[in-house]
Amino acid sequence: MIALLGADDSGKTQLAEALSQRLAQRGIDATLVIDSSPEHAFDAAALEAYRGHALILLIAPASPTRIDEMLRQGLMDANLGFAVVHGEGAEQLANAWNAINAAADPDARRSAARGRAAAAWSWSCDKCSDPACEHRLFSDLVAQRS
């Protein structure tokens, strides 16, 4: 199962349709769950329902919103793993597909991480799907605005 969480304007419904088509084209049987919780239901207790899902994708809006912040905090408070998906349209689909592939092959992800750690240089990417990195970026931006 794949759970898509995000604000109403994040494009999660369109992304779910595009992912369903791509999964069907590849003969992959997966259930997509689109979150439709009201704003007040984004606390850790409400998000516990997603614990059994194989993958949680947090669909990031173009600009951070209060709902986005509440979802991120709720997922972290519930200690749920998730990938952040940025972009719009084809870019959003590609980023979601990358997150799904990374979750489907955790050994390849660990090997890639070891290879990156051994590299002589590193970079900061605002479009990665590492929730810890995304959280630091988001927190820093919010702190700068305050």
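No experiment lies behind these values; they were computed from the predicted model shown.

Q: Any chance you could explain the pairing of strand E3 (residues 55-59) here in plain terms?
A: If a strand is regular, its side chains alternate between the two faces of the sheet. Counted residue by residue, E3 has five buried out of five residues, so it is predominantly covered. Side-chain alternation along E3 places Leu55, Leu57 and Ile59 on one buried face and Ile56 and Leu58 on a second face that is also buried. Across five bridges, strand E1 (residues 2-6) lies against E3 in parallel orientation. Its bridge partner lying in E3, Leu5 is registered against Leu58. Across three bridges, E3 lies against strand E4 (residues 83-85) in parallel orientation. When the sheet's bridge partners are listed, Leu57 is paired in E4 with Ala83. Crossover connection from E3 via helix H3 (residues 66-77) to parallel E4: handedness right-handed.

Q: How do you make sense of the packing of helix H1 (residues 12-25) against helix H4 (residues 89-104) when you look at a structure like this?
A: In a pair of packed helices, the angle between the axes and the distance between the axes together describe the arrangement. Relative to each other, H1 and H4 sit at 55 degrees, their axes nearing to 10 Å. Here H4 runs oblique to H1, going by the angle between their axes. Relative to H4, H1 is oriented so that their crossing is right-handed. Contacts between H1 and H4 involve Leu15, Ala18, Leu19, Arg22 and Leu23 on the former and, on the latter, Gln92, Leu93, Ala96, Trp97 and Ile100. Residue composition of the contact of H1 with H4, by class: eight nonpolar, one polar and one charged.

Q: What is the right way to look at the pattern of salt bridges in this model?
A: Should the charged atoms of two oppositely charged side chains come close, the side chains can pair. Summed over the entire model, instances satisfying the criterion amount to three salt bridges. For Arg51, the salt bridge is made with Glu48, and the minimal N-O distance between the two is 2.9 Å. On the accessibility criterion, Glu48 (36% relative accessible area) is partly exposed. When the shortest N-O distance is used, the salt bridge between Asp68 and Arg72 registers 2.7 Å. Placement of the pair is Asp68 and Arg72 together in helix H3, with a separation of four residues, close to one helical turn. Classification of Asp68 as buried rests on a relative accessible area of 2%. Using a relative accessible area of 4% as the deciding quantity, one classes Arg72 as buried.

Procedures and definitions
- Counting starts from 1 at the beginning of each chain's written sequence and moves along it residue by residue.
- Residues qualify for local features only when their pLDDT is at least 70, as the model is predicted, and side-chain atom pairs are given and counted only at 80 or more; totals for whole chains, interfaces and linings, by contrast, use all residues.
- Hydrogen atoms and water are omitted, and side-chain values are computed over all heavy atoms in the structure.
- Burial status follows relative accessibility: with a 1.4 Å probe on protein chains alone, a residue under 20% of its type maximum counts as buried, one over 50% as exposed, and anything between as partly exposed.
- Secondary structure is summarised from DSSP: a helix means a run of H or I of at least four residues, a strand means a run of E of at least two, and numbering begins at the N terminus for each.
- Here, strands pair whenever DSSP counts at least two bridges between them.
- Clockwise travel from the first strand over the helix to the second, with the strands pointing away from the viewer, marks a crossover as right-handed.
- Lines are fitted to the C-alpha atoms to define the axes, a helix being fitted only along its stretch in contact, and any angle between axes, read from their N-to-C directions, falls within 0 to 180 degrees.
- Roughly parallel refers to an angle under 35 degrees, roughly antiparallel to one over 145, roughly perpendicular to one between 65 and 115, and oblique to any angle outside these ranges.
- Each crossing is labelled by how the near helix is turned from the far one, with a counterclockwise turn of less than a right angle marking it left-handed and a clockwise turn marking it right-handed.
- Whether two residues are in contact is decided by their heavy atoms, any of which lying within 4.5 Å being enough.
- The residue classification treats Ala, Val, Leu, Ile, Met, Phe, Trp, Tyr, Cys and Pro as nonpolar and Asp, Glu, Lys and Arg as charged. All others, Gly included, are polar.
- What counts as a salt bridge is simple: a side-chain nitrogen of Lys or Arg found within 4 Å of a carboxyl oxygen of Asp or Glu.

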